[in-house]
Amino acid sequence: MRKAPRKPHEYLKTVGGIPSVPGVSTTKLDETINWLRKFSIWPVSMGLACCAFEMMSAGASRFDIARFGSEVFRASPRQADLMIVAGRVSWKMMPVVRQIYDQMAEPKWVIAMGACASCGGVFNNYAIAPGVDRILPVDIYVPGCPPRPEALLQSLLLIQEKLHKSKVEYF
Amino acid sequence: MKTYAKKDVSRRVMTLNMGPQHPATHGVLRIELELEGETIVKATPIIGYLHTGVEKHSEAKTYYQNIVMYDRLDYIAPAMNNMSYIGAVERLLGIGAPPRAKVIRVILLELSRIKSHLVWLATAAHDTGAMTVLLYCFREREAVMKLYESLSGARMMQSWICPGGLRGDIPDGWTIMIKAFLDEFPARIKEYRALLERNPIFLKRVKDIGYISREEAVAYGLSGPSARASGVNYDLRRNRPYGGYNDYDFEVPVLTDGCAYARYRVRMEEMIQARSIILQALVKLPNGPVRAEHPIFLAPPREKIHENMETLIKHFKFFTSGFKAPAGEVYFATETGKGELGFYIISDGSEKPYRVKIRAPSFSNLSILPRIAPGHMLSDIVAIIGSLDIVLGEIDR
Amino acid sequence: MHQILDKKPVDILKILMGDNILDSYESQDSVDVAVIDRQDLLYAVGLIRDNPALDLRYLSFITAIDHLETEKMFHVVYEFANLDYDSRLRIRIQISEKEPWVPSITSFYPSANWHEREMMEMFGIEVREHPDPRKLLLPDWVSEHPLRKSFPHGGEELWKFHQRTIEMFNEKSDYQGRTDDPWLERFIE
């Protein structure tokens, strides 16, 4: 059961129950930073194969991903927070994926979209790596071949929840 | 007085890498460019970043299990890959499909062609800067995917064509949905044309770019709309008809300009011709079964499984270990949205194919890039790749 | 049927080459296949392209078939077509495993460039005088030839092939990915 999202005035109350003065708000720094971060996660476009087209459909006008904060898919990894590995990863592509992941700045998250990025998918042969978690720490695995855009949107919401509960370390 | 040695500034070549992760290469394509200022001197495509080993993997699976894998080759128009493979298998086994299945297959193929050209238009226009067209084409694409989803449940990879016919019949009201989609399609095409063809920026980026002559097109193995824009009057649906295509009345657009704008015009016209083929097919849709019956090579119908035990055992053995195909070799090619997609299957008489070779159209279409790119500016190479319409899933297999 | 001479391309080739054609048959999709020897390949390809009676200027594909277990031979297949008159011809060459080489036909057909590169790396067949004999699809560190029948399809041997690559990556980067495989361990006790 998910709780209802907080109303604006609830952010003004403090932890100890001491009422706040209008115009001044006291809250935890963690909460504010997480709240700011989770509604503007920008993915880096790592669309490799068929799942890339469902990712593009999720970014198009019907299943709009911009309403959840991912306004643009950045081409440069230095400007992105989230890497959605969409598609089958071959061994030749693995060093490239790893290099792009290393170039992203902390904090960063990874979604393995589709069956091929999670576990190798339909293919069990010499050329496809059995899952991208061989070289990257994956946060969310999205099953499907290809997963529906709504599944990708749910995975983005799960990342937002994970972000909300995490502690701010790199600040 | 000091004298400085003069550097030779007349020719300085810079190597630039358009890497596998790039928003404008269509997939994971890497191009090594040698630039002199902004002019391209040499362009070498490096592929293989999506190599899937499909040809090797096909030798380990039965003929039926392979259908699912070939959907993922040209992932933009999945029904066409199906048809190519199933056509080859049907030739090998010597069976055919009933008339109703043939007409529905043509409808699925032409819908896939519309879908493939819409994606081409979206990405090629987006690369030249027209982002509105991207969102509009994806709106059309959602309408086509809704049709697919109501038929099979999957938006992209249906695998609905199987040897002997189709996997199942169309639901009620599907023809009405198609007609509704096709009724508003010409207005949409007019909208895209109005956005692009009267726009001087688009025309400047696309006219007289990437000229391919007719001899080059044939020598480099080009096929499909990229070749027809250079004057090669060859369309497999008309020259070597398959699947009942000789019953339909359609035109094949051929131009002689050979530039990127000609390729754009050929594809826009093909979308309109695909619409007219679907309308003709909807008129002549006959009644009847959608699956043929054969004692060895086709699965028994599902209703009979409940009646006796032998049919149940045969159904089980058919889908787990497969059927023994006759020995021989077949090459069957169809005209997809990108060109001639062919499957060369060699069978040695067992349940699994001995060798499957996939002749992908984008493989040959891309090999002409080192020949036509030199002399253009850096920003033109994006327009050239967009006009060639490549899919890396096919190239790398 | 060729409209000029009203003969099939394989018949015209038989007239031009005579006894050098070892065998010819029609495959199940009604395309004629001619089997010739490796030393006649360049001569035949020159005839196929330049002779106006044949004029097959479009190369569809080049591939190889591995029969090393049964016949100890590679078969190399070329398919040509004429787009104006719609005639097709397929040429098949048999080469033994002791001398696995074919001459390159890139000087006649530029589209053969990439097809031959792929054949070289997948089967290990050497294509002599190829202008650009680099790897096309496989990564540079793979030295085996995957499409040969001796290369494993799956199972433990393939897992060893994967393990080598994973260890190569883990040496260079600081994140150690998963090295276990729960699926495989289920079957190996």
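Residues numbered from 1 in each chain as written. Chains lettered and ligands numbered in written order. Predicted model: local features only at pLDDT ≥ 70, side-chain atom pairs only at ≥ 80, totals over all residues.

**Comments concerning the overall build of chain C**
Across its full length, chain C carries five helices and seven strands. When burial is assessed residue by residue, chain C has 32% of its 189 residues classed as buried. A separation threshold of at least 6 residues defines the contact pool for chain C, and within that pool the share at least 24 residues apart is 47%. (Helix = DSSP H or I, 4+ residues; strand = E, 2+ residues; numbered from the N terminus. Buried ≥ 20, exposed ≤ 12 C-beta atoms within 10 Å, placed from the backbone. Contact = placed C-beta atoms within 7 Å.)

**As for the overall build of chain B**
Looking only at helices and strands, chain B features 17 helices and eight strands. Burial statistics for chain B: of 397 residues in total, 51% are counted as buried. Counting only contacts in chain B whose residues sit at least 6 apart along the sequence, the fraction spanning at least 24 positions is 71%.

**A word on the environment of Leu47 of chain C**
Residue and element names in this part refer to chain C. You can see Leu47 is positioned in helix α2 (residues 41-50). On the neighbour-count criterion, Leu47 (17 C-beta atoms within 10 Å) is partly exposed. The spacing of Leu47 and Leu13 is 34 residues in sequence and 8.2 Å in space, taken between C-alpha atoms. Each residue touching Leu47, except ones within four places of it in the same chain, is listed here: Leu16 and Leu54.

**Some remarks on unusual backbone geometry**
Peptide bonds are trans in most cases, and residues, glycine excluded, mostly fall at negative phi. Looking along the chain, the bond that leaves Glu106 of chain A and enters Pro107 of chain A is cis, with omega of -10°. Mapped onto the elements of the fold, Pro107 of chain A is located in the loop between α3 (94-103) and β3 (109-113). Look at the link from Cys145 of chain A to Pro146 of chain A: it is a cis peptide, with omega at -10°. With respect to the helices and strands, Pro146 of chain A occurs in the loop between β4 (140-142) and α5 (149-165). Phi is positive for Asp208 of chain B, close to 60°, though the residue is something other than glycine. Inspection of the secondary structure assignment puts Asp208 of chain B in the loop between α8 (200-206) and α9 (214-219).

**Focus: the interface of chain B and chain C**
Facing 32 residues of chain B, the contacting portion of chain C comprises 26 residues. For the side of chain B that touches chain C, the leading source of residues is strand β6 (residues 328-335) of chain B, giving five residues. A per-class count over the side of chain B that touches chain C returns 14 nonpolar, nine polar and nine charged. (Nonpolar A, V, L, I, M, F, W, Y, C, P; charged D, E, K, R; others polar.)

**Some points on the pairing of strand β2 (residues 32-36) of chain C**
All names here are of chain C. Sheet topology places strand β1 (residues 21-26) next to β2; five bridges connect them, and they run antiparallel. Looking across to β2, one finds that Glu26 is bridged to Asp32. With five bridges connecting them, β2 and strand β5 (residues 87-96) associate as parallel partners. Counted as the bridge partner of Asp32 is Leu89 from β5. (Pairing = 2+ DSSP bridges.)

**Re the packing of helix α2 (residues 50-59) of chain A against α5 of chain A**
Residue and element names in this part refer to chain A. Taken N-terminus to C-terminus, the directions of α2 and α5 make an angle of 75°; their axes are 9 Å apart at the nearest point. Taken together, the axes of α2 and α5 are roughly perpendicular relative to one another. In this structure, α2 contributes Glu54, Met55, Ser57 and Ala58 to the contact, and α5 contributes Pro149, Leu152 and Leu153. For the contact of α2 with α5, a count of residues per class yields five nonpolar, one polar and one charged. (Axes fitted to C-alpha atoms, helices over the stretch in contact; angles between N-to-C directions. Parallel < 35°, antiparallel > 145°, perpendicular 65-115°, else oblique.)

**Examining the sheet that holds strand β1 (residues 43-47) of chain A**
All names here are of chain A. Taken in spatial order, the four strands of this open sheet run β1-β2-β3-β4, and their pairing is parallel. Of all strands in the sheet, those with a lone pairing partner are β1 and β4, marking the two edges. Across the sheet, the mean angle separating the axes of adjacent strands is 15° when strand polarity is ignored. Along the sheet, α5 contacts β2 (82-86), β3 and β4; its crossing angle with β4, the most-contacted strand, is approximately 170°.

**Re the interface of chain B and chain A**
At the interface, 25 residues of chain B touch 26 residues of chain A. Contributions of two or more residues to the side of chain B that touches chain A are made by α1 (54-58), α2 (66-70) and α5 (131-152) of chain B. Classifying every residue of the side of chain B that touches chain A gives 13 nonpolar, seven polar and five charged.

**Points about the sheet that holds β5 of chain C**
Working definition: the strands of a sheet are paired by backbone hydrogen bonds and lie parallel or antiparallel to each other. Residues and elements named next belong to chain C. As summarised here, the arrangement of the five strands in space is β1-β2-β5-β4-β3, forming an open sheet in which the pairing is mixed. Where the open sheet ends on each side, the last strands, each with one partner, are β1 and β3 (58-67). On average, each strand axis in the sheet is inclined to that of its neighbour by 20°, with strand direction left out of account. Bridge count for strand β4 (residues 73-82) against β5 is 10 bridges, and the pairing is antiparallel. Residue pairing across strands places Ala81 opposite Arg88, the latter belonging to β5. In the packing of helix α1 (residues 9-17) onto the sheet, contacts are made with β1, β2 and β5, and the angle to β1 comes to roughly 170°. Its contacts with the sheet put α2 on β2, β4 and β5, and the angle it makes with β5 is roughly 175°.

**Concerning α1 of chain C**
Residue and element names in this part refer to chain C. Among the residues of α1, Pro9, Val10, Ile12 and Leu13 are the ones counted as buried. Around the axis of α1, the buried residues are gathered within 155° of arc, so they sit on the same side. Two residues or fewer after α1 comes Gly18, characterised by a positive phi angle close to 65°. (Arc of directions from axis to C-beta.)

**Thoughts on the confidence of the model for chain C**
All names here are of chain C. Here chain C shows a mean pLDDT of 81. Residues at 70 or above account for 87%. With pLDDT under 50 throughout, residues 184-189 is counted as low confidence; its partners more than four residues away or in other chains account for three contacts. Scoring the predicted complex yields pTM 0.88 and, for the interface, ipTM 0.87. (pLDDT = per-residue confidence, 0-100.)

**As for the pairing of β2 of chain A**
Residue and element names in this part refer to chain A. Most of β2 is tucked away, with five of its five residues classed as buried. Between β1 and its parallel partner β2, the chain crosses via α2, and the hand of that crossover is left-handed. Pairing between β2 and β3: five bridges, direction parallel. Looking across to β3, one finds that Val85 is bridged to Ala112. Traced from β2 through α3 to β3, the parallel crossover comes out right-handed. (Right-handed = clockwise from strand over helix to strand, strands pointing away.)

**Structural notes on the nonpolar core**
Formed by 209 residues in total, the largest nonpolar core has its most connected members in Val85, Ala86, Val97, Met113 and Val132 of chain A together with Val133 of chain B. Discounting residues that sit within four places of it in the chain, Val85 of chain A has contacts with Met46, Val97, Val110, Ala112, Met113, Ala117 and Val132 of chain A. (Core = buried A, V, L, I, M, F, W, Y, C linked by C-beta atoms within 7 Å.)

**Focus: the packing of helix α12 (residues 260-283) of chain B against helix α16 (residues 378-388) of chain B**
All names here are of chain B. Contact geometry of α12 with α16 gives a least axis separation of 9 Å together with a crossing angle of 30°. Judged on the interaxial angle alone, α16 and α12 are roughly parallel. Pair α12 / α16 crosses with left-handed handedness. On α16, the residues touching Ala260, Arg263 and Tyr264 of α12 are Ala383, Ile384 and Ser387. (Left-handed = near helix turned anticlockwise from the far one by under 90°.)

**Focus on the environment of Gly131 of chain A**
All names here are of chain A. Mapped onto the secondary structure, Gly131 falls in the loop between α4 (114-119) and β4. Gly131 sits 46 residues away from Val85 along the chain, and the two C-alpha atoms are 10 Å apart. If sequence neighbours within four positions are ignored, Gly131 has contacts with Ala117, Ser118, Cys119 and Gly120.

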